[in-house]
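Remarks on the overall topology
Single-letter residue listing:
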Amino acid sequence: MRKWFSVILTFIMAFACWFGFGSSSRKAFASTVEAPILTASIESELKNFLQYDEAEKTRLAREAGSTGEADASAYILSSLLATPGIEAINDGYFVSGVQAVEYVSSNGFSSKSQNVGVVIKSATENAKTVTFCTNIDNVAVIEAVSVGGEPQEIKVFTESVNQSAGSVALLMALARHFATSVIDLGFNIEFAFLGAGAEENSGALALNRRLNTDASKYALVVCVDKVVLGDSNYIFMQDFGCEYASYISEIMVGHYNFKNFNKTSCLAIGSGVNLFSHAGVAGSAGAFYGGKINMLSVFSGNYNGVSGLGNSESTAHKNLTYTLYDNIASIEGTYDISIKTKLGMVASALANLLYQPDFIVEAGKPNNLQNAYGFWYNEKYQLFAYGVCMVLVFVVYFIVYDGLMKKSQKNIADGGIESLIVNIAEPGDPPQEEAKMSEKEEPPKEDKNE
Amino acid sequence: MQNSKIINVDNRKENARITASFSHKILPFLFVLSFLWLKFFDELTMFNMDATAGWGWSSFAVELFLYGGFFALVNFCLLFCYRMIITASPHTHLVPDVAIKDNIMWAMIARNLMLGALYFLCFSMPFLYGYMIVADLVITFVAFIVFAIIIIKKYCDVVFAPYLFKALLLPLIIYEFIMVGIDCMGYFI
């Protein structure tokens, strides 16, 4: 009886410990927004942006610096400004919602693009700001064709749903959702649609310059990039642990297929804006990585064993982005992926993050990581450490050499040796009796003192 | 009468013994494998960085073999240069040349295993990556010192130990100084 009692008591204690200490202290997600609410609006946003039902598609080819990109920017701005509660950003950088972006393109020419930005203002005084951003441009697919028997390469544009259109639609739907919401969250929400993403994130860099003129105003920059394809959604914030990153992970990970991307480092020192980059910030987030303002990178992908750490794509076993298959018909038809459901999940997760009552306080906590990044990614420090180690290595070498030399001299002095004679047998020499040895004997050295 | 120490060195049997041993035969394979292990992290993460495109025509395993194999080949050539340089010192002739060749390869294998394992720390602490160059220098040097001491203990008379030590280590020290110099120049230029 006592045995049974102790077993039952053990189980009770185990359950008590599990519920009492094992569960998360934070109740993740108040679930104020359910995915289906945003799903319908995302679908219409995507189709409108891509002029899906129109014969003439002026926004299909929206290469960096092109008229298609400018048209897409103008459409996004005018469409969002038609919604009550959404205002164009107007400051020194944005004029009536448009920020001019000048950059040197990959072919060496000076080019121009633009960012568009809108804001949903809070009535709270000195309210902090959360900025959402994504790239709007796309990259042409180069196709080899034969013209009159001559092989030629032509540029072909597709809808680029995963590349950029999906993220644009998602952010437009989110903007309208927050604008039409009756709740004042107590902070401003900005939406920036960035140009020239394919040109080393020139649009994102321009936005970063603007944000950093008064970094204290901004709580968080959320960069959304390639969120249509992939079984899992990923978030990445910082290499180093910090409070805001733990908070956001706690809220988002485990819901709506969200996972952390912090275990899979993919560093490339020497590339990127701050001389370093990470696979978690492959999109526009690269411009904000390691900066003063807290950054959240959101993207989707698949974990395909060791060779795919989350940045690869989809169950399709091939990457559809940057191919002609990156369009609604292929993704939904051939690969049976529901775009609106996928985007709806990401949108709901982001909306619910913002609806957390302590969001702006927790997400806005300074990361204080500039010194850490500054040290660990500073090439000068690395070279200095390398040089110091080289000197230390030389010192160690000399200490060992000196020790051996003292031993050698002691040996010579103790033996009263005045001269050394070394006979080295050449391959053709007859075997020397005294040098003969079996495999178990001492190695080939024979000492004779005369 | 002058007190002379006569040392008779016949390395032929020892060379023959090492050459006939099993470890000598598998050494080149282990050498290449250790470079695959060393380059595993780099290849894995580079592959991931380029996940949207990839090389297309190959698999991860093929890329790893090409990348690791290439580095093994480069290091094999470096070892050849090293052995050629140390031949200039008469003290290295006291030691069986096959023993030097094999032991230096074992030292490189040990260095690759340790360094390859260290790279895995970068998965949880990616910021360490930039300083792996320092770990590379330290571990390589330690491996060479251990190699030199083993050779000295096993084959060399204590009288010649410092000279052999200098002959075995100095090429590495000069090489590392050149590498640091190139890196520094690369930074300042």
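Note: the structure precedes this text.
Quick summary incoming for the structure in this document. In this text the structure is predicted, and so the values were computed from the model without any measurement.

Once that is clear, we can look at the overall build of chain B. What chain B contains, in helices and strands, is 8 helices and 1 strand. Ordering the α and β elements of chain B from the N terminus gives β-α-α-α-α-α-α-α-α. Residues counted as buried form 51% of the 189 residues belonging to chain B. Here the analysis covers contacts within chain B between residues at least 6 apart in sequence; of these, 76% occur between residues at least 24 apart. As displayed, chain B has an accessible area near 8,800 Å², and 76% of this comes from carbon and sulfur atoms.

Residues and elements named next belong to chain B. Judged by side-chain polarity, Phe70, Val74, Leu78 and Tyr175 come together as a nonpolar surface patch covering roughly 340 Å² of accessible area. Following the sequence through the fold, phenylalanine 70 ends up in helix α4 (residues 60-86). The class for phenylalanine 70 is partly exposed, based on a relative accessible area of 49%.

Residues and elements named next belong to chain A. Within the secondary structure layout, glutamate 190 lies in strand β7 (residues 188-194). With relative accessibility at 6%, the residue glutamate 190 sits in the buried group. A C-alpha to C-alpha distance of 6.9 Å links glutamate 190 and glycine 117, two positions 73 residues apart in sequence. Beyond its immediate stretch of four places on either side in the chain, glutamate 190 contacts Ile89, Val118, Val119, Thr129, Val130, Thr131, Phe132, Arg210, Leu211 and Tyr218. Here the side chain of glutamate 190 touches arginine 210 through a polar contact of 2.9 Å, side chain to side chain.

This part covers the nonpolar core. Formed by 164 residues in total, the largest nonpolar core has its most connected members in Leu174, Phe191 and Ile248 of chain A. Ranked by the residues each element gives to this core, the list is headed by helix α7 (residues 132-155) of chain B, at 14 residues. Each residue touching phenylalanine 191 of chain A, except ones within four places of it in the same chain, is listed here: Val116, Gly117, Val118, Ile120, Phe132, Leu171, Leu174, Ala175 and Phe178 of chain A. By size, the runner-up hydrophobic cluster in this structure holds 5 residues, among which are Ala64, Val101, Tyr103 and Ala206 of chain A.

Residue and element names in this part refer to chain A. Where burial is concerned, most of strand β9 (residues 232-236) is hidden: 5 out of the 5 residues are buried. In β9, alternate side chains face the same way, and those of Ser232, Tyr234 and Phe236 on one face and Asn233 and Ile235 on the other are all buried. Pairing of β9 with strand β10 (residues 258-260) involves 3 bridges; the strand directions are parallel. Looking at the pairing, asparagine 233 lines up with phenylalanine 258 of β10. Taken together, β9, helix α6 (residues 243-252) and β10 form a β-α-β motif whose crossover is right-handed.

How each quantity is defined
Residues numbered from 1 in each chain as written. Chains lettered and ligands numbered in written order. Predicted model: local features only at pLDDT ≥ 70, side-chain atom pairs only at ≥ 80, totals over all residues. Heavy atoms only, no water. Helix = DSSP H or I, 4+ residues; strand = E, 2+ residues; numbered from the N terminus. Buried < 20%, exposed > 50% of the residue type's maximum accessible area, 1.4 Å probe, protein only. Contact = heavy atoms within 4.5 Å. Areas by Shrake-Rupley, 256 points an atom, 1.4 Å probe, with all protein chains shown as cover. Patch = residues over 30% accessible without salt bridge, like charges linked within 9 Å, V, L, I, M, F, W, Y side chains within 5 Å. Salt bridge = Lys/Arg side-chain N within 4 Å of Asp/Glu carboxyl O. Polar contact = N/O pair within 3.5 Å; in protein donor to acceptor, adjacent residues only side chain to side chain. Core = buried A, V, L, I, M, F, W, Y, C linked by side-chain atoms within 4.5 Å. Pairing = 2+ DSSP bridges. Right-handed = clockwise from strand over helix to strand, strands pointing away.

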